[in-house]
Amino acid sequence: MDITKLTSKVVGDLGDKRRWRDYKARTKRLPDSYRTAVEAFERYLMHLGPGGGPAIFEDLIDLFEQSAADSTPIRAVVGEDPVEFIEAFARNYEEDSWKNRERKRLADAIGRAADDAATGS
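Residues numbered from 1 in each chain as written. Predicted model: local features only at pLDDT ≥ 70, side-chain atom pairs only at ≥ 80, totals over all residues. Heavy atoms only, no water.

## So, the confidence of the model for the chain
Considering every residue of the chain, the mean pLDDT works out to 85; 84% of them sit at 70 or more. Here helix α1 (residues 3-28) stands out as the least confident element of the chain, with mean pLDDT 74; helix α4 (residues 74-78) is the most confident, with 97. Throughout residues 6-11 the model reports pLDDT below 50, and contacts reaching past four residues in sequence, or to other chains, amount to one contact. (pLDDT = per-residue confidence, 0-100. Helix = DSSP H or I, 4+ residues; strand = E, 2+ residues; numbered from the N terminus. Contact = heavy atoms within 4.5 Å.)

Here it is as structure tokens:
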């Protein structure tokens with residue numbers, strides 16, 4: 001691995017770690033009820049979310065910080081169905097998800113296999 005790739009990999013990883021620590025610090029500063037909501041969404045996203053890095057969490061904390069600052073009730077932010085809310089929120093980040101990359105890889109492999117079968121290879 002050349003030094004440029006190594007550096008970008010290390011700096012990228014450190015940058016993501018820094019972003020994650022910043023997100024966690026911001027979460028801790030929220031009022032209790034908002035923090036509880038963000039932590040619940042975080043858990044859900046960690047298990048079932050689209051992946052794609054820290055951007056989704058940064059945007060989520062931005063939303064809840066602004067809502068707390070404006071005294072917007074949590075239900076006014078997320079609605080009556082928090083699963084529907086977070087699924088819709090997460091769809092904005094699916095393009096960069098590992099699931100979509102694997103779906104594309106699978107579709108491409110099957111397409112090649114079908115083309116090979118059709119041409120008799």
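## A look at the nonpolar core
In terms of nonpolar packing, the biggest core is built from 20 residues, with L60 and F64 touching the most fellow members. Among the elements that line this core, the one with the most residues is helix α3 (residues 55-69), at six residues. Other than its neighbours up to four places away in sequence, F64 contacts L30, Y34, A37, V38, F41, V77 and V78. (Core = buried A, V, L, I, M, F, W, Y, C linked by side-chain atoms within 4.5 Å. Buried < 20%, exposed > 50% of the residue type's maximum accessible area, 1.4 Å probe, protein only.)

## Regarding the pattern of salt bridges
Summed over the entire model, instances satisfying the criterion amount to eight salt bridges. Close ionic contact of D16 with R19 constitutes a salt bridge, the shortest N to O distance being 3.8 Å. With D16 and R19 both in helix α1 and three residues apart, this pair spans about one turn of that helix. You can call D16 partly exposed: its relative accessible area is 35%. R19 sits in the partly exposed class, given a relative accessible area of 32%. Between E58 and R19 there is a salt bridge, with its nearest N and O atoms 2.6 Å apart. Residue E58 is found in helix α3, and its partner R19 is found in helix α1; the two are separated by 39 residues along the sequence. Each of D16, R19 and E58 takes part in a single network of salt bridges with overlapping partners. (Salt bridge = Lys/Arg side-chain N within 4 Å of Asp/Glu carboxyl O.)

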